[in-house]
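Structural characterization, general
Below are the chains, spelled out letter by letter.
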Amino acid sequence: MADEAPVSFLPLGAIIQELRVGGTNIVQSFPAQSLYESHNDPFFGETIGRVANRIGGAKLNSLNGGKSYALAANNGPNNLHGGVLGWGKKIWDGPTPVGIREIHGAGKLDDGGESVKFSLVSPDGDEGFPGKVGASVVYTVGTQNVDGKEAILLGIEYEAELVDGADETVINMTNHSYFNLTGGPSIEGTIVTLATNTYLPVDDGGIPTGGPTAFSKVEGNKAFTLGPVEPDIDDCFVINEAANAIPIDTRSSPLNKLVTAFHPESKIHLEVYSTEPAFQFYTGKYIEVPAVAGLPARGARSGFCVEPSRYVNAANEDDWKSQMLLKKGEKYGCRIVYKAWKD
């Protein structure tokens, strides 16, 4: 983007490096790409693929006529965020300016907007996944008036296509930014509202054990405050319960507001929207990044994540599989929008 733009990106992982609101970078980051290569175990800002979240048993049970595919077990017995070197750890082509695009469904931009594109070719067998895939992410940045305040809007549009090497594969892309609305050491005091408390109950490894049910720790559409330790959340919340009717390309679906957040000290607001049927909300319990490049160490609850996505482990669940099953000749797609401003 332009030098004065409030948002910056990196070719590594098509990472969101900065999202500045009122002078505060509200996403956890590093000042140089090399530091992401050496210290980004938490996936700060990464474009996640081929499959975000966990795949049970690090195995795709049945694709391409019943074949199974072994994946890296990089999260206990499971595969997480595409494996050891998922798409967030690879160098993408870009950024390439693609002209001004609207952020569909987000209302009129007061500042016309600016868009850039990152592209990646993932070979057949990449981290064990079948098929050669071409993927892209287009970022669009603009401003919008919110009750007399200038809000920054960041639109994200993902696309992926299976081009060779298999008849079908699985895709589930998202962004893994960690938000902190103060720029301080903790998310404590952040007031959060989730659009729903319908979620997927999971086993000790984070793999769903059944269909959507009510989450007991918080209520949907009711504000709660993040404390120093509680509530501790790392769960997949469901917006669309019609699991087998979710298209592989959700870009034509309406944007739903998933999460709102506000910090009373910084006066910064954040809203997250998406066309996706679910989202992982994670309060950052396992963040562990040492002090580096003049930045203080980042520890537990130094940021929270909102990861719009398909259902966790849908690739191995017959009733959910169609939502991330990409066949040759089709396109995967989805959209995410971040809106942030300061009172």
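The following paragraphs examine the structure supplied in this document. (Residues numbered from 1 in each chain as written. Predicted model: local features only at pLDDT ≥ 70, side-chain atom pairs only at ≥ 80, totals over all residues. Heavy atoms only, no water.)

Observations concerning the overall build of the protein chain
Per the secondary structure count, the protein chain includes one helix and 26 strands. The principal-axis extents of the C-alpha atoms in the protein chain amount to approximately 55 × 45 × 40 Å. For the protein chain, with 343 residues in total, the buried portion stands at 56%. Just so you have it, the protein chain exposes about 13,400 Å², and 47% of that area is on carbon and sulfur atoms. In the protein chain, 28 side chains carry a positive charge and 42 a negative one; their mean positions are 1 Å apart. (Helix = DSSP H or I, 4+ residues; strand = E, 2+ residues; numbered from the N terminus. Buried < 20%, exposed > 50% of the residue type's maximum accessible area, 1.4 Å probe, protein only. Areas by Shrake-Rupley, 256 points an atom, 1.4 Å probe, with all protein chains shown as cover. Lys, Arg positive; Asp, Glu negative; His and termini not counted. Charge placed at Lys NZ, Arg CZ, Asp CG, Glu CD.)

Thoughts on the sheet that holds strand E3 (residues 24-25)
As summarised here, the arrangement of the three strands in space is E1-E2-E3, forming an open sheet in which the pairing is antiparallel. Whereas interior strands pair on both sides, the edge strands pair on one side only; in this sheet they are strand E1 (7-10) and E3. As paired strands, E1 and strand E2 (residues 15-21) are joined by four bridges and run antiparallel to one another. When the bridges of E2 are listed, phenylalanine 9 appears paired with isoleucine 16. (Pairing = 2+ DSSP bridges.)

As for the packing of aromatic side chains
Scanning all chains against the criterion turns up 16 aromatic pairs. With a centroid separation of 5.6 Å and an interplanar angle of 25 degrees, the aromatic rings of phenylalanine 237 and phenylalanine 279 are classed as stacked. Note that phenylalanine 237 is positioned in strand E20 (residues 234-238) and phenylalanine 279 in strand E23 (residues 278-282), a separation of 42 residues in sequence. For the pair phenylalanine 237 and phenylalanine 279, one class covers both residues: buried. Aromatic pair tyrosine 311 and tryptophan 320: ring centres 5.0 Å apart, planes at 75 degrees, arrangement edge-to-face. Taking relative accessible area as the criterion, tyrosine 311 reaches 1% and is therefore assigned buried. An aromatic cluster is present here, built from Phe30, Tyr36, Phe44, Tyr178 and Tyr282 joined pairwise through their rings. (Phe/Tyr/Trp six-rings, centres within 6.5 Å; stacked < 30°, edge-to-face > 60°.)

Considering the pairing of E2
On a regular strand, each side chain points to the face opposite its neighbour's, so the side chains alternate between the two faces of the sheet. Of all the seven residues making up E2, five are buried; the element is thus mostly covered by neighbouring parts of the structure. Taking the residues between adjacent antiparallel strands as the criterion, E1 and E2 are bridged by four residues, where glycine 13 takes a positive phi near 65 degrees. Judged from the two bridges that link them, E2 and E3 form a sheet pairing that is antiparallel. Directly across from valine 21, in E3, lies its bridge partner threonine 24. Here E2 folds back onto E3, and the loop between the two strands holds two residues, one of which, glycine 22, carries a positive phi near 55 degrees.

Observations concerning the state of the cysteines
Applying the stated criterion across every chain, the model contains zero disulfides. Residue cysteine 236 stays outside any disulfide, its sulfur separated by 13 Å from that of cysteine 334, the closest cysteine. Residue classification places cysteine 236 among the buried positions, given a relative accessible area of 3%. Given the relative accessible area of 0%, cysteine 334 is considered buried. (Disulfide = S-S within 2.5 Å.)

Considering the nonpolar core
Looking at soluble globular proteins, one finds that nonpolar side chains tend to be buried together. Judged by nonpolar contacts, the single largest core of 55 residues is most densely connected at Tyr139, Leu270, Phe281 and Tyr338. Listed in part, the 22 residues of the second largest apolar core include Leu71, Leu200, Ala243 and Ala315. (Core = buried A, V, L, I, M, F, W, Y, C linked by side-chain atoms within 4.5 Å.)

Considerations on the side chain of asparagine 180
Mapped onto the elements of the fold, asparagine 180 is located in the loop between strand E15 (178-179) and strand E16 (191-194). Within polar-contact distance, the side chain of asparagine 180 engages the backbone oxygen of serine 186 at 3.5 Å. (Polar contact = N/O pair within 3.5 Å; in protein donor to acceptor, adjacent residues only side chain to side chain.)

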